[in-house]
Amino acid sequence: MASCAARLSPIVIATTLFLAACGKTEPPATAAAGPAPAVTVVRVAKQDVSPQSTFTGRIEAIDKVELRARVEGFLERRLFEEGTDVKDGQLLFVIEKPPYEAAVADAEGAIERAEGALKLANTEVDRFAELVSKKAVSQNDLDQRVAKQTEARGALMQAKAALQKAELDLSYTDVKSPISGRVGQATYSVGSYVSPSSEPLATIVSQNPTYVVAPVSNRLVLEMRRQQIEKGADPRAVKIMLRLADGSTYAHAGRIDFVDAQVDRSTDTVIIRAELPNPDGVLLDGALVTAVVEDAAPKQALVVPQQAVQADQGGTYALAVDAENKVQVRRFKPGRAVGGVVPVEEGLAEGDRVITEGVQKVRPGIVVAPTEAAPKAVGAAQ
């Protein structure tokens, strides 16, 4: 047994050494450091800021008219191109005329007959009046002729009224625009049968000027009124600017021309309306816009671009880049956003660099490659 153990010991030793070698692990290779993430930064800077209030409103045309058929018949012509501007009194549709021209001719004939009957009745009255004076006929005979004269006069009046109606119906076969504005899509094609009960033939919307209408908190209405009175101005003459759906600022300002006399009890809001010029037809009826009211005179304030502002359960913060290009979380107290920037009340200092682009690529503590951009001007398009 001893000699057998001696013979096996080299094998056991070799196996043990092999297994030990297999169990060894090499130290991991050091990962190559990648390039620093590229980010865009903007310095916190002072700007003139006018405190603003914003609210959502809709564009409403001052005039909007549905063209309807006032007589029945087949559409003979359409004399406009859909979506173009039309003038007050411009001919847009023509409904078949022959039935109404015939009605006018018939009414004119009825007048001729009624005038002849009245002429005869007048002659009869004159003749019987003379005979009564000579006691050749009785007063009763004269009274009968006077009654017929009255009937003939009434028949003539009816005939004239019928002619007037026939001529009016004939005029309704020409459908004209009652206002200047932009005409929409035609509801019916040429050859369609229309009547007063039909859908509108088309809709015309006035373009310039136009309204923006919005529900505004009663608190804001009272503030605007107080500020105007303090400036010695008309309380309703408040300047309104618009931000359009693409974020751009509308080129023309408007002024409030109507404030409702009642407050909505469920929302504590008041309907206000402002009139704005619309020379290029940019503002379309029904469009959703953001109305902006400047609350007071401009004042200097530290601001950061709105796209640099982040928020979590801990509050509002921005990712800042320090002198060593490391990312830091900087919490701050924001003011009310104004025209694409956010005033800083505390927590950030002038000159601090905050990340506006590339936030999703970084985390606190890492080194970044910053590219500095110019501060965003208040009111610039976003």
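Preceding this section is the structure that the text describes.
Residues numbered from 1 in each chain as written. Predicted model: local features only at pLDDT ≥ 70, side-chain atom pairs only at ≥ 80, totals over all residues. Heavy atoms only, no water.

## Focus on the overall build of the chain
Thought 1: Within the chain, the regular secondary structure consists of 4 helices and 24 strands.
Thought 2: Per-residue burial for the chain yields a buried fraction of 34% across its 382 residues.
Thought 3: Roughly 22700 Å² of accessible area belongs to the chain as shown, and the carbon and sulfur atoms make up 53% of that amount. (Helix = DSSP H or I, 4+ residues; strand = E, 2+ residues; numbered from the N terminus. Buried < 20%, exposed > 50% of the residue type's maximum accessible area, 1.4 Å probe, protein only. Areas by Shrake-Rupley, 256 points an atom, 1.4 Å probe, with all protein chains shown as cover.)

## Let's talk about helix α2 (residues 98-133)
Thought 1: Counted at 1.5 Å a residue, the expected span for α2 with its 36 residues is 52 Å, and the 53 Å between its end C-alpha atoms agrees.
Thought 2: Every buried residue of α2 is listed here: Y100, V104, A107, I111, A114, L118, A121, V125, F128 and V132.
Thought 3: At its buried positions, α2 is contacted by α3 (139-172).
Thought 4: Trailing α2 by a residue or two, K135 shows a phi angle of about 60°, which is positive. (Expected span 1.5 Å × (residues − 1). Contact = heavy atoms within 4.5 Å.)

## A word on the sheet that holds strand β2 (residues 45-49)
Thought 1: One open sheet holds the 4 strands; their spatial order is β2-β17-β22-β21, and the pairing between them is antiparallel. In the strand order of this sheet, the two ends are held by β2 and β21 (333-334), each with one partner.
Thought 2: Across 3 bridges, the pairing between strand β17 (residues 299-305) and strand β22 (residues 341-346) is antiparallel. Within β22, the residue paired with V304 across the bridge is V342. (Pairing = 2+ DSSP bridges.)

## Considering the side chain of T173
Thought 1: Counting through the fold element by element, T173 comes out in the loop between α3 and β8 (174-176).
Thought 2: Since its relative accessible area comes to 0%, T173 is described here as buried.
Thought 3: A polar contact of 2.5 Å, which involves the side chain of T173, links it to the backbone oxygen of L170.
Thought 4: Once you skip the residues sitting within four places of it in the chain, T173 turns out to touch V71, F93, V94, I95, E96, K97 and Y100. (Polar contact = N/O pair within 3.5 Å; in protein donor to acceptor, adjacent residues only side chain to side chain.)

## Comments concerning the pattern of salt bridges
Thought 1: Tallied over the full model, the rule gives 14 salt bridges.
Thought 2: R43 is the partner of E372 in a salt bridge, and the nearest nitrogen-oxygen pair spans 2.8 Å. Here the residue E372 occupies a position in strand β24 (residues 369-373), and R43 occupies one in strand β1 (residues 38-43), the gap between them amounting to 329 residues.
Thought 3: Assessed through its relative accessible area of 35%, R43 is described here as partly exposed. (Salt bridge = Lys/Arg side-chain N within 4 Å of Asp/Glu carboxyl O.)

## Topic: the nonpolar core
Thought 1: The biggest cluster of nonpolar side chains holds 21 residues, and the ones touching the most others in it are F55, V212, M224, I240, L242 and I256.
Thought 2: No other element matches the 4 residues that strand β15 (residues 269-276) contributes to this core.
Thought 3: When residues no more than four places from it in sequence are discounted, the contact partners of M224 are V238, I256 and V293.
Thought 4: If you look at the next biggest cluster of nonpolar residues, it comprises 20 residues, including L92, Y100, I179 and A202. (Core = buried A, V, L, I, M, F, W, Y, C linked by side-chain atoms within 4.5 Å.)

## Some thoughts on the pairing of β17
Thought 1: Most of β17 is tucked away, with 5 of its 7 residues classed as buried.
Thought 2: When β2 meets β17, the two strands line up antiparallel, connected through 5 bridges. Residue pairing in the sheet places Q47 in a bridge with A301 of β17.

## Let's talk about unusual backbone geometry
Thought 1: The peptide bond linking N208 to P209 adopts the cis configuration, its omega dihedral lying at 0°.
Thought 2: Relative to the assigned elements, P209 resides in the loop between β11 (202-205) and β12 (210-217).
Thought 3: In this structure, K135 is a non-glycine residue whose phi angle is positive, near 60°.
Thought 4: Mapped onto the secondary structure, K135 falls in the loop between α2 and α3.
Thought 5: With relative accessibility at 74%, the residue K135 sits in the exposed group.
Thought 6: Although it is not a glycine, D268 sits at a positive phi angle of roughly 55°.
Thought 7: Tracing the chain through its elements places D268 in the loop between β14 (254-259) and β15.
Thought 8: Taking relative accessible area as the criterion, D268 reaches 42% and is therefore assigned partly exposed.

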